[in-house]
Structure formats: structure tokens, C-alpha cells
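# Structural overview for review
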Amino acid sequence: MVTIRLTNSKTRRKEDFRPIDSSNVRMYVCGPTVYDRAHLGNARPVVVFDVLNRLLRHVYGEGHVTYVRNFTDVDDKINAEALRRQKAGVPGTLEELIHGRTEETIAWYHADMDALGALRPDHEPRATEYIGQMVAMTQGLIASGHAYAVEGHVLFRVRSYKDYGKLSGRSVDDMIAGARVEVAPYKEDPMDFVLWKPSSGEEPGWDSPWGKGRPGWHIECSAMSHELLGESFDIHGGGLDLQFPHHENEIAQSACAHPHGDFAHYWLHNEMLQVEGKKMSKSLGNFFTVRDLLDQGIPGEVIRFVFLMTHYRSPMDWTAEKARQAEATLRKWRAATAEVAASAPLVSVIEALADDLNTAGALAALHVAAGEGDWAGLKASAVLLGLLEPAMGSWSSAPDVDLSAQTQRLIDLRAAAMASKDFSAVDALKAALVTAGVEVRMSKAGIELVPGPDFDPAKLEALQ
RNA sequence: GGCGGGUUGGCGGAGAGGUUACGCAGCGGAUUGCAAAUCCGUGAAGACCGGUUCGAUUCCGGUACCCGCCUCCA
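Cut-offs and rules
- Residues numbered from 1 in each chain as written.
- Chains lettered and ligands numbered in written order.
- Predicted model: local features only at pLDDT ≥ 70, side-chain atom pairs only at ≥ 80, totals over all residues.
- Heavy atoms only, no water.
- Phe/Tyr/Trp six-rings, centres within 6.5 Å; stacked < 30°, edge-to-face > 60°.
- Helix = DSSP H or I, 4+ residues; strand = E, 2+ residues; numbered from the N terminus.
- Lys NZ or Arg CZ within 6 Å of the ring centre and 35° of its normal.
- Pairing = 2+ DSSP bridges.
- Domains from an automatic or database assignment.
- Expected span 1.5 Å × (residues − 1).
- Buried < 20%, exposed > 50% of the residue type's maximum accessible area, 1.4 Å probe, protein only.
- Arc of directions from axis to C-beta.
- Contact = heavy atoms within 4.5 Å.
- Axes fitted to C-alpha atoms, helices over the stretch in contact; angles between N-to-C directions.
- Salt bridge = Lys/Arg side-chain N within 4 Å of Asp/Glu carboxyl O.
- Core = buried A, V, L, I, M, F, W, Y, C linked by side-chain atoms within 4.5 Å.
- Parallel < 35°, antiparallel > 145°, perpendicular 65-115°, else oblique.
- Nonpolar A, V, L, I, M, F, W, Y, C, P; charged D, E, K, R; others polar.

## With respect to the packing of aromatic side chains
Summed over all chains, the structure comprises nine aromatic pairs. Ring centres 6.2 Å apart and planes at 80° place the aromatic pair Phe 17 and Tyr 60 in the edge-to-face group. You can see Phe 17 sitting in the loop between strand S2 (13-16) and strand S3 (25-29) and its partner Tyr 60 sitting in helix H1 (residues 40-60), a full 43 residues away along the chain. When the ring centre of Tyr 35 is taken as origin, the NZ or CZ atom of Lys 77, which lies over that ring, is 4.7 Å away. A cation sits over an aromatic face here: Lys 282 above Phe 287, 4.9 Å from the ring centre.

Dropping the structure here:
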């Protein structure tokens, strides 16, 4: 069996991956807060961990992997949007409006991530469906002295967990020195974080031993991963930005609530996304969603390919030039493999992926296979990477147009030109065809006209 | 201020202590009436300064610059 090696944020080293139970490899990835369309940065962890999910299934077997990715549907941004709708006169209770907003966003998310070729996880739990577990976990943490209730809040006592800060490499004292934490008079320690907070009438809330309220952000992942994957599981993933404080707090809560488990064995963090060399942000005006790109006609498969060009632990720069290259490569490969039956994935590709998800190396191996004409191997390997899937390829198929009249005309003109040595008429027609996005292939054997990516039927019409 | 990461040829982007990454672009050739497409070939790198070593772009230290998180935009 192939040994997968992964860089574990917990140890800061590349380690051999040894699952707790190879008949049920368990992975939890932090999913989106569902208040709006997923932006391009949201899509990176989705693709990264989709590749890992596919690799694990390839190595351990389709039925031997459990992949969980949550939806955070309790959040102040969602509340704000629901409240805005209510004030705008949309009928329904606040809870109903919140639910409507999250359902709508989840449907968008599914559609957009499906377009990127990401397989749906085995479980996609929603925070609102696990409030009971969160309350129970919070109660347990209070009982064991790791949390305290005060003024309707429940706070986690950071000093009660000796390894707090280990994942992100900081000590509690370091963090306080940096001191950009919310100062609240009821906190025992400035670093203590919220497990439960009170809700006003304009916020969604659930009954609890501490009054009507809602959970803090971090507790949901601890509760849901425990419920679905157990006290100890194999892999926990997410964006690097989540390492602190989100994952640090998850570890503290879970370790203290379940002292006999050891939570996640391997922590994986993908680096951030940039756009044309800069951080994507609304203020820089380079902020866009996955749907924006799809609507511009950039296929999801092309977006996926661009993501795979960069190793997941390096910052990835989204550029138009990369999209252009990715599209050209995919067109070539799709054309070459259209009629080919996939064989088995290439060893070179599996080895690259097994080496800490080296997707760039895997793509290079695909290029090598293309150079050798091993299209069957290329196809099988590409499918493992979530590329060249038949269902994703409609964008690359040539427009169904009849160019036989133009072809014949060009043949006639060329035949005449061969005799007269005056090629001006041939060149004129050829130039017009090229302008219309038609590729002109002339050889001794004949002439072939192929509609290309920029094919424009209107310009062709003008030639008639 | 604290913590972490990065700096590879024109561009993108990997691995490996010594032997070709790979792709795009470029250049040369084949092919073509000329092109396109295709095929063949090819030049080009490792921020800077030290150290370890027979040998470092690859290991160690320092400098410069860039980036991320600590501010619920992943």
C-alpha cells in the first residue's frame, strides 16, 4: 500500500500518515459560514481537501473514508442579513428568515463547488442541528472546571489547558503581550474565549442553562466532529487563517471535554489565496466569487486546474494568465483523451500526491505522460485529480457547426491559386475565418476547419 | 510588538546534497504556397553574506525584502 506523507501542523513536520483505523479513515474540514456566495479564497481548501479525500479513497478504498465538512449557520453576519430582510418587509420570523438565507447560501455553495469538481463530503452537518451537543459539551467543561458561566456568557478558561497555544506556536503570555483581544470585564483572563453568549430579541437563540443564547464560534466544530467522528480521528483541515484562534480553541475544548481522546492526529492547513499578486479584498477591488468567474465563462475545471498548479502550503496567486494556460492544456488533453478508455492512474502521479499532496508535481507527471502519448494513463490519473471528468467537459467540446461549405470554397480557391500562383483570395478567406475564431489547417492531404475557443458564428455568417 | 511562512531561469512552478523537473513564452528545424496546428531540438535559475562538505540552489547561521495570522473578509 502507498504510504501517504502529510505535513502535520501539530509537529511542523512531514510525517507518514498512519490512520487509527484503516477501514474507516476519518477527516474533518472546517466549512463555510453560509451568509453569502463563496469567494475564490473559500474554494481553495475545498479543492485541496477534495484531492486528499480522493487520494484517501484511492488508497484505502471507496467505502473506508469518512469525510465531514460543516456548514456554520449560526453567525452574526447571517443574523444581520436576516434582520435587514425583516426590516425591508420580508414576511416571516427572524428564525425563518435566517433559515431561508442559510438554505439559499448552501444551495449556491453546492452548485459552485460542484462546478469545481469537488465531491460532496459524506456528512455536511449544520451547526444549528447540533446545539444540544454544544450545550452538553459546554456543561461538561463547566463541571470539570475548564469553563465558567458569568453574566449569561460561558467562557473557556484558557489557563486550565496547559497545551494551549501549541498548535500555533504561541504561549498565552505571548498572546497577551500582543494584546488584541476583546477586553471584557467578566473575563478571568483576557484570552478566555466564548463558548456561549446571550442573545437579544433580534438575535437567534436557544434555551440553555445560562438563559436564551447561542454558541460561540469554535464549539460547533468540537461538538460536530465528536458526534460524527469520535473522540479521536485522523485528519483535521482548514485554511491557515483558522489555525489561530479557531483550531487552537477547538483543540482546547475537545481535549478538555474528552480527556481520553486525542482529537485530531494530523492537522493540515492550506495557505491563502492572492489575486494578481495581492491579497483579495473588497477594499482593493479585486474581490470576486467563484460564481463571478463561472459567469465570465471560466469553466470550473479550469479554476480547479489553476488551484492544483500550486502546492497547497504555498500562497496561490490567481492570475488571468494562469487561467489561460490551464484552459489551453485542458483543451489539448481533453481532445486527445476523448476517445480513450482510462487505464490505471500513473504511479508517478500517485507518488506525487502521496508526497504531501504535491499536485503541481502530479500535473508535471501528467505532462510527461502526454509527451509519451500515454493518454490512457493520463486520463485515469487526471480523473483521480478530479480533472477530465466527462461531466465537467462540456465547455471544451467544439461548437456543432457545419463548415463544409467554407471548407469546399477554400479547397476550390486554393486549387485555383496553385495554378495561378496568386494566393490573395485564399489568404483573404483564411484571414476572415481566423477572425471568426476558426482554426484553419491546410496540408497536402486537404483542408480542415475547426471551430476554436473564440469561435464567433456571427462573424462566420458575414462571410456568406 | 508576538508567532509563522516565503525569496528558483522571461513568466508560472516542483523535487533532490552531486546526474534533464515540468508547463507557458522565446529561439532553431521539419512540415506548409504562406501560415496555423503538430513533431523534433535548444539556450536560460536558485535574493545577499558567511559556515558545514570533496561538492549546496538543496543542510546550518545571519542580512535584506515580501507575505500571512494575532482584527469572526478562508
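So, next bit.
## Quick look at the pairing of strand S5 (residues 147-150)
Across four bridges, S5 lies against strand S6 (residues 153-156) in antiparallel orientation. The partner of Tyr 148 across the bridge, within S6, is Leu 155. From the end of S5 to the start of S6, which pair antiparallel, there are two residues, and Glu 151 there has a positive phi angle of about 50°.

## Overview of the domain arrangement of chain A
In many reports, interface size means the accessible area that the parts give up when they come together. In terms of domains, chain A is made up of domain 1 (5-270), domain 2 (274-396) and domain 3 (404-461). Taking the mean C-alpha position of each, domain 2 and domain 3 sit 33 Å from one another.

## Topic: helix H12 (residues 359-372)
Taking 1.5 Å as the rise per residue, H12 with 14 residues should run 20 Å; its terminal C-alpha atoms sit 20 Å apart, in good agreement. Every buried residue belonging to H12 is among Thr 359, Ala 362, Leu 363, Ala 365, Leu 366, Ala 369 and Ala 370, and all of these are buried. Down the axis of H12, the sector holding all buried residues measures 155°, keeping them to one side. Seen from the buried face of H12, the exposed residues on the opposite side, beyond 90 degrees, are Gly 371 and Glu 372. Buried residues belonging to H12 abut H1, helix H9 (300-308), helix H10 (320-337), helix H11 (347-354) and helix H13 (375-384). Where H12 terminates, the next one or two residues include Gly 373, which has phi positive at roughly 75°.

## Thoughts on the sheet that holds strand S7 (residues 193-198)
One open sheet holds the four strands; their spatial order is S5-S6-S7-S8, and the pairing between them is antiparallel. Only two strands of the sheet have a single neighbouring strand rather than two, namely S5 and strand S8 (213-215). Averaged over all pairs of adjacent strands, the angle between their axes in this sheet comes to 20°, without regard to strand direction. Where S7 and S8 come together, three bridges link them in antiparallel fashion. Bridge pairing in S8 links Lys 197 to Arg 214.

## Structural notes on the pattern of salt bridges
Counted by the stated rule, this structure contains 31 salt bridges. Between Lys 14 and Asp 355 there is a salt bridge; the shortest N-O distance is 2.7 Å. On the criterion of sequence distance, the pair formed by Lys 14 in strand S2 and Asp 355 in the loop between H11 and H12 is long-range, its members being 341 residues apart. Note on Lys 14: relative accessible area 37%, which makes it partly exposed. With relative accessibility at 32%, the residue Asp 355 sits in the partly exposed group. For the salt bridge of Glu 301 with Arg 334, the shortest nitrogen-to-oxygen distance reads 2.9 Å. Taken together, the residues span a long stretch of sequence, with Glu 301 in helix H9 and Arg 334 in helix H10 at a distance of 33 residues. Neither residue differs from the other here; Glu 301 and Arg 334 are each classed as buried. Through salt bridges with shared partners, a single ionic network connects Asp 36, Glu 81, Arg 84, Arg 85, Arg 101 and Glu 104.

## Examining the nonpolar core
Leu 40, Leu 56 and Trp 318 are the most contacted members of the largest nonpolar core, which totals 78 residues. Ranked by size, the runner-up nonpolar core spans 37 residues in total, among them Phe 193, Cys 221, Ala 252 and Ala 264.

## So, the packing of H1 against H9
The interhelical angle for the contact between H1 and H9, taken along N-to-C directions, is 80°, at an axis separation of 10 Å. Comparing the axis directions of H1 and H9 gives the class roughly perpendicular. For the pair H1 and H9, contact is made by Leu 40, Ala 43, Arg 44, Val 47, Asp 50, Val 51 and Arg 54 and by Ile 303, Arg 304, Phe 307 and Leu 308, respectively. Looking at side-chain class alone, the contact of H1 with H9 contains seven nonpolar, no polar and four charged residues.

## Some points on the sheet that holds strand S13 (residues 316-318)
The three strands lie next to each other as S12-S11-S13, forming an open sheet whose pairing is mixed. With one partner strand each, in any of the chains shown, strand S12 (278-279) and S13 form the two edges of the open sheet. Bridging between strand S11 (residues 273-275) and S12 involves two bridges; their strand directions are antiparallel. Residue pairing across strands places Gln 274 opposite Lys 279, the latter belonging to S12. Packed onto the sheet, H9 meets S11 and S13 and runs at close to 145° relative to S13.

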